[in-house]
Every structure is written in structure tokens, then in C-alpha cells.
Amino acid sequence: MTMAVRVFLVLALVVAGFFAPRILGGSPAVYSACVLIAIFAVMAYGLDMIVSDVGEVSLGQSLFFAAGAYTTALLSTGPKLGPIPAFCGSMAAAVVIAALLGLVTLRLREFVFSLVTYAVVVVAVTFAQNWSFLGGSDGLGGIPPFQLSFATLSFTARNDKELWPVAYLLVLVAIYLVHAFRRSRLGQAALMVHLNPRLATMSGINPQRTRLSVFMFSAPITAAAGWLYAYQRAYVSADVLEVYFLILMLTAVVLFGRGWLLGPLAGVSLILVQEKFLSFGGDVDKIILGGVLIVTLTLLPRGLAGALQPISTLAEAALYRFGNRMPKRS
Amino acid sequence: MNLSQQFINGLVLGHAYALIAVGWTVLLGIARLVNFAHGQIYMLCAFVAWYVTSRLGLPYLISFPAAMLMGIAVGYVMQRVLLLLTLKQDLVSIMIATLGFGYVLQGTAALVFGSTGQIFETPLSRAEVYFENVWFTYQDIAIITATIVLFTVLRYTIKRTHVGRLTRMVAEDPHLAQLAGIDVRKVYLAVFAFEGAAVAVAAVLVAPRTPILTSMGFEEVIVTFVVVVLGGIGSILGSYVAGLALGLFTAFFGALVAPAYTTAAAFAVLIAVLVLRPGGFAARAGEH
Amino acid sequence: MSGHPSLEARELNVGYAGNNALTLSLLAVGEGELVGVVGANGAGKSTLVNSLLGWSRGSPRVSGTVWLGGSRISNLPTHERVRAGLLLVPEGKLVFGRMTVEENLTGMRTTPRNDDRRTYSIADVYDLFPRLAERRYHLGAQLSGGERQMLGIARALRFGPRVLLLDEPSIGLAPRLVSSVLRTVRSLVDAGLSVLLVEQNVRAAIEVVDRLILLERGRVVAEGAAAAMRDDPRIAEAYLGAQAG
């Protein structure tokens, strides 16, 4: 497959994706589903980076999602700032929180790390529900519609249909960032740290710094999803920290395994389609979602098992690039 | 503020925390499994016990076997489903799968028992005791007694009986235990069942203290984490001491500062300890 | 005495993703016989030991049958092969460090049997290894390398093995200790025990074994009685390899 054909196919896919909601009927429900799919996919891509590449099970990704949502809510309702400043604020908040969390959890053992990141979210819920600055149990409402003004041009999204281009652009950017990350030096380093920390160290890589860097790179991506979610819903409360989002992210990441760049997007699509169009009630949906996660992990090794166990070919490729050979096992 | 009252509250709360955590620390210590569904199993057992006493009108004592049956059944099902992952020692996938299990349990409980909060009343929780300037119930006494008894029996079993020795061998090295002729799979099953039974007993005794909600599992498990990590993974005595310390801390913090932020404060203590000593207070060799 | 060999492996083939780790048509250990399997690192010794026990690292393709005292055990899980009498003293971590010597010994199940397997009581074991008796309340982690090797063998004896598998007992031990341990094993064999000794240290092994098998790249390249093998040029080559390495 030549480069030109590849580029053509990707462009075709991108254009087709943009028109997907229209092709699927164009009703408000479809647009709503597509916008949410895009937002949650971006959220999941942030987790994908941590889980699939570094191999850390960070259960606190929702925190960044909430950070993006709450920052946007606060900046757009208080000082009445627009989406661009709100976006920057969300990015900043995410990076700061990631840095703090990353430093604190730097030297923890694997499952203690998971416990702590899980607990951080629970604690955050307490703050979100009790702190009046964050709206308390009522949350922060009255977020104005997404509106960009530049000289005489202006763009307003009053509903999901109008918000779709923004959402679609966001998911494209997220996918591109993950793709670029995986081919970057940091991405390669992360993979090596994941597969063989000792060997990585001996190749001159600092595992702690790599982990922290990836953490701080993935947080803004998930926060961006929170940023847009605030506009989509026009309202932010402690709900954004519900365990639902964590389960959703994890399932989306493991469902199609590590090998596929579009995996998280496909995973989120499947889950949300079930929720929106094949639902048997919220409680049953919980059972379905949890069940899918369990089944994927236990029965489908190409899912998470394939992502978190050493993949010898990938390892050899990565290490070869760094000028080392893996010692043969006797 | 009544110091003695807070002390009594803290004591009761501490024993409750220790009791809830004991199954989890045994599972973690012996099978090295992190069970994120622990809080939801607690919630489910609490609801079963409530249903048995409030809806079916059966005596309180019956709720013990009922809840324990539920706990053991859930533990058994989880272990069977996760069996392949356990034998491959794929601990990460197991951990995430237990998250999924917890979510399924939450949905199931909401479906069966509804989403409204319930008050689980028992003859013990209604029997109050006023002594000088403190107040407590017979339920509180039951919690403390049961916890002390369970912990003593457990510690004795692990240190001195043949069964305890088997579990310690599996805990230290499952492969070497297999080479000693031990059926490690059976031990894992038993330990999972024990966790279910222990958390069931905890639920029946402790749940009457506060209203129960099908969504409470999510937060419930945090306190268990703190107790186990502070007390040392797999250490029975450590869980007891850490539970007690945490209970007293929570009671006094809640009374002096802010009741809503007690979990956050406990978590902050955990973070502080972990930053200073990343290994927690791990049990020394040979100590249990 | 039954007519079967104590341990027999037939047509054992173990492969990992296209590579053949082990190809063995027949391996047998007779009653009261000490058979040695030697070879360099990567020759397939660990693969052999693991496949006899029915345990594998990774997901290899395993085929072939394993027989213990005339009964087929290759369809049994590891712990049941152990209960049938195949005891492995593994290389590396071979005792429970967090338990005392006494607990390590009492921790082995000794179910009463109605066959002819020789059972070793704790007293018997302490007679055989007086050092362990001296250190009976010490933790496994506090023992020296040689003492741990003794404890590993003692634990296996407690079970009343049909066949004792020793995986590289010489690793990390001083030469004097190595000969002491192997001489004790030899005396056990002379008393009727069947032993399969897997070793890298050819010189030490050839002193005590009845038969010797040389493995190279997963295949048997030489096999015969110890006396005959001593003159085999390939063994001399293996000697040099062991000395230089």
C-alpha cells in the first residue's frame, strides 16, 4: 500500500466520519449520541495512553475529566470567559493536578498506585459535593453556549447538531496526538518502561520521569473532553466523577485491545449505542457494561491481556531501535 | 464536645473498620488479589440482611446465615470466573475485572432493592445504654465483641493450625506450595469465600449504624484500603490496630473539624504515610 | 519391587512459538537409580524439569507422556503429580523463607499410604541433616545456601517420594558443600530412592550418578553408564565448558 493510497484512505475516512451523523439519519438523538461518543472517546484516549503504553492502571483519570469540566464551568459563568480561555484553563488545571498526583504516587507499588488513584476520585467527590465554590450538591449551572468570535466571524453551537463539528475536530486531534505520541521518543520510552523497566533503565531511560511525563501528557487530553462536556450539558456537578466514567473508559480501552489506534473510539461507540438505543434501564445498563468488562478481560486475551503482557515482537522492535538486543532465554 | 463520647464512638467505629477490612486483607495477603468489588459485596450483604429482617420479618439472627450465604456465593462466582486469570497470576486484569464485578453488583442491587436509602434496624441497635455521660447501643457492643473474637480466632488459625500454615505457604510462594502438594486453586477459592463471609458478618453488624444505599459500595471500600495499607498487607494485627487508630481519628476529626470531610482526611493521612514510607507499614518477616 | 521404572517420559516435545525447546524420545529412571541430566545453559534442562512437573512458563506446546511407577501422570495438575510421589527440589527459591525450618518440614503433607514408599519422619530427616536440627527454629531466610539445599531435600523426603527431582543443587554452593550434598543424595539412592539429578556441574554429577544423559539444544546427544561416559569426548568438552564458564 503506497503512501499516496494510505493518505487518500485516511482523508476519505476523516470526511466520512464528519458526515456520519447525517448518514445515520440526522435526527437530534443521533447527533447527541455522536457528540457524546466523541467526547467520551477523547476521555478514553487519555486513559489509553496510561494503560496501554506505560502499563499503569491509573483509576483516577476521571479526576482530569472533572478538572476540565469544572474549570470550564467556573471560567464561563464567573468571569464569563469564552471557550478558548476556558480550554487553556482546563489544560493548566489538568497538568497541575497530574503533576501533583504523579509526584505523590511516583514510588508506589502497582496496586497501591491503583488504590490511591481510585481513592483520589472518591475524595474529589466529597469536595465537589460539599464545597460551595464548586457549587456543592447543586453543581454549577448556567454555562453559556459554545461561542467563538473572531473579528466579524462568529460561531455558535446552541445544540448537539451545531456542536458536532467541534466535537469531531476534538476527537481527530486526540487520535492524532496519541498516534504521534506512540511514534515519539517518549512513547517508545514508555513502552520499554512498561515491558522491561530494568532494561529500559540500562538503556538510559528514567522510568519515573517517563511515567510522570506520560501522566502529564495524558491528563490534558481527558480534560479536553471535560471541557467540551461542560458546554454540551451546560451544567457540571459531582456526577462527572461517578464510577460510570471510569468503567466506561476502561471497557472502551480493553475491548478492542492495544493494537488498534481506533480501538477506544470503537469501544465507546459500541457502549453508547447500546446505552442510547438498546437500553433496558439504567440498572441493567450497569450490569451490561460491567459484564462486558469482565468478559473481555477473562475471555478475550487480545484485549487487555495482550496489552499488558510483554509483546515480544514490539519489544524487540523498540529495543532494536535503541541499539540493544534482548538476551535469549534459556 | 464530649470527649468520652467521641472516644466511645471512635472505638466502635474503629472496630467496625477493622471488621470490614479483615476479609480484604486476608484475600490480599494470601492470594495477592485486590478486590475492588469489596464495597459492593458489603452493600449487597447489608441489603440482604435488611430485606430478611425488615421485609420478611425474620429474626435478626437469621440475617447472619442469609448474608453470609450471599457473600460466599458472590465470592465463589467471582473466583470461578477469574480462575484462569488467577492461575496465570495476571493480577492487573483481575483487579480491573473486580471493578467490573462491583459495577455489576451495584446494578443488580439497584434493580432488586431499588435506589432509595433504607434504615436497617435491629433489636440490638434499638437497645440503648446510658452510662455516666456516654451513650451507645447493644449493636455497638456486638460489633466490638465480634471483631475481637474474629481477629483472635483468625490470628490463632493462621499462626498455629495446619490450615493456617497452608495459607501462609500459598501466600509466600504459590508455585513452591504446589510443589509441596498443595492444591492452590482450592486455597484461592476458600480465601475468596472467606472474604465474602467476613464482609457479610461485618455488614450484618455494622450496616445498622447508618442508612444503606445501593450506591454506597464505591466509597465504602476507601476506608478498607486505608486500614489495610496502613496496617500492612496481610497483617491481621496490623489491620486491627490501623482500624482502631482510623476509627478514633475519624470520630475526633468529625467532631472537631468537619463531619463531611472525614474520608478525605483519612485519605490524606494515608497519602502522608505513603509519601514518607512508600512500603506502608509492611509486616516484618514471620510476623502476622 | 515392581517391574516398572520409577519415572518414565516418552516422546516429550516442548516448543515455544516455532522453536523446539526439548525433544526427548525416552527418559527413564529405574528403582534405586541415580540418573544425571547435564548440559549447558539453554540446553533444555529447565524445560525438562518443568514439563515433568506439568508446569510451564508462557504457553508452550507440550506433547508426550510421563509415567510414575507405572501410572500415567501427564494428565494430572502439578500438585497431584507431587502427591503421586514426584517431588521436585527446585532451583532458586526452594524453601519458605518466612517459616521456620521446623514449619517447613511439618508443612509438607504426609498422608498415610498403603504402598511401599519409604516415609521419612522429622526425626529421620534431622538424623540425616544434623545441621538442620541445630537450626530448627530459624527462619528459612536466615539459612545459608547449603542449609537451604539440605532443607529443600529434607522437605521432599518428608513426603515419601517415589522419585526425587533435583534441579541444579550445586548453584551458589561451595565445591565442598556440593560434594557433601551429592554424597548424601547418593546414600539415599543406595537405600532405595530413585533420583533424577539435573546439573550444570558435570564433574560433580558424574561422581555420583549411575547413568548420565547429555543434553544439547533440547536434544539428547549422549547417554550411557557413568563409567563409560567418563571417557566420552563430548563429556570432556562439557567439562571444559563447565570449567571455563
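Thresholds, definitions, all that
- Every chain begins its residue count from 1, and numbering advances along the sequence as written.
- Lettering of chains starts at A and numbering of ligands starts at 1, both following the order in which they are written.
- Local features in this predicted model are restricted to residues whose pLDDT is 70 or higher, and side-chain atom pairs enter the listing and the counts only when it is 80 or higher, whereas totals over whole chains, interfaces and linings include all residues.
- Segments assigned H or I by DSSP are reported as helices when at least four residues long, segments assigned E as strands when at least two residues long, and all are numbered from the N terminus.
- Residues are defined as contacting one another if the C-beta atoms placed from their backbone atoms lie within 7 Å.
- Residue count minus one, scaled by 1.5 Å, sets the expected span of a helix.
- Put simply, a residue is buried when 20 or more other C-beta atoms lie within 10 Å of its own C-beta and exposed when 12 or fewer do; between those, it is partly exposed, and each C-beta is set from the backbone.
- Think of it as three bins: nonpolar holds Ala, Val, Leu, Ile, Met, Phe, Trp, Tyr, Cys and Pro, charged holds Asp, Glu, Lys and Arg, and polar takes everything else, Gly as well.
- By definition, two strands form a pair when at least two bridges between them are found by DSSP.

Asker: Hey, could you go over the environment of Thr78 of chain C for me, with residue numbers and the actual values?
Answerer: Topologically, Thr78 of chain C is positioned in helix H2 (residues 78-84). For the pair Thr78 of chain C and Gly39 of chain C, spaced 39 residues apart in the sequence, the C-alpha separation amounts to 25 Å. In this view, Thr78 of chain C contacts Gln178 of chain B together with Leu53, Gly54 and Trp55 of chain C; residues no more than four positions away in its chain are not counted.

Asker: Before we move on, could you go through helix H7 (residues 160-183) of chain A and cite the residues and values that matter?
Answerer: With 24 residues, H7 of chain A extends 34 Å between its outermost C-alpha atoms, agreeing within 8% with the 34 Å of an ideal straight helix rising 1.5 Å per residue. For H7 of chain A, the complete set of buried residues consists of Leu163, Trp164, Val166, Ala167, Leu170, Val171, Ala174, Val178 and Phe181 of chain A.

Asker: Run through unusual backbone geometry, naming residues and quoting values.
Answerer: Phi is positive for Arg32 of chain B, close to 55°, though the residue is something other than glycine. In this fold, Arg32 of chain B is placed in the loop between helix H1 (3-31) and helix H2 (38-55). Among the residues examined, Arg32 of chain B registers 18 C-beta atoms within 10 Å and is labelled partly exposed. Phi is positive for Arg217 of chain C, which is not a glycine, with a value near 50°. Of note, Arg217 of chain C is situated in the loop between strand E9 (211-216) and strand E10 (219-225). Here Arg217 of chain C falls in the partly exposed class, since 15 other C-beta atoms lie within 10 Å of it.

Asker: Any chance you could break down the interface of chain A and chain B for me, citing the residues and the numbers?
Answerer: Taken together, the 32 residues of chain A in the interface contact 35 residues of chain B. Elements that contribute at least two residues to the side of chain A that touches chain B include exactly helix H6 (110-130), helix H11 (243-255), helix H13 (282-299) and helix H14 (304-308) of chain A. Residue composition of the side of chain A that touches chain B, by class: 23 nonpolar, 6 polar and 3 charged.

Asker: So what's going on with the pairing of strand E3 (residues 34-38) of chain C? Residues and values would help.
Answerer: All names here are of chain C. Along E3, 5 of the 5 residues are buried, which leaves the element largely enclosed by surrounding structure. Summarising the sheet, E3 and strand E8 (residues 194-199) pair through 5 bridges and their orientation is parallel. Within E8, the position partnered with Leu34 by the bridge is Val195. Pairing of E3 with E9 involves 4 bridges; the strand directions are parallel. If you follow Val35 over to E9, its bridge partner there is Arg211.

Asker: Give a description of the interface of chain C and chain B that names residues and reports values.
Answerer: Facing 18 residues of chain C, the contacting portion of chain B comprises 15 residues. With 4 residues, H2 of chain C is the single largest residue contributor to the side of chain C that touches chain B.

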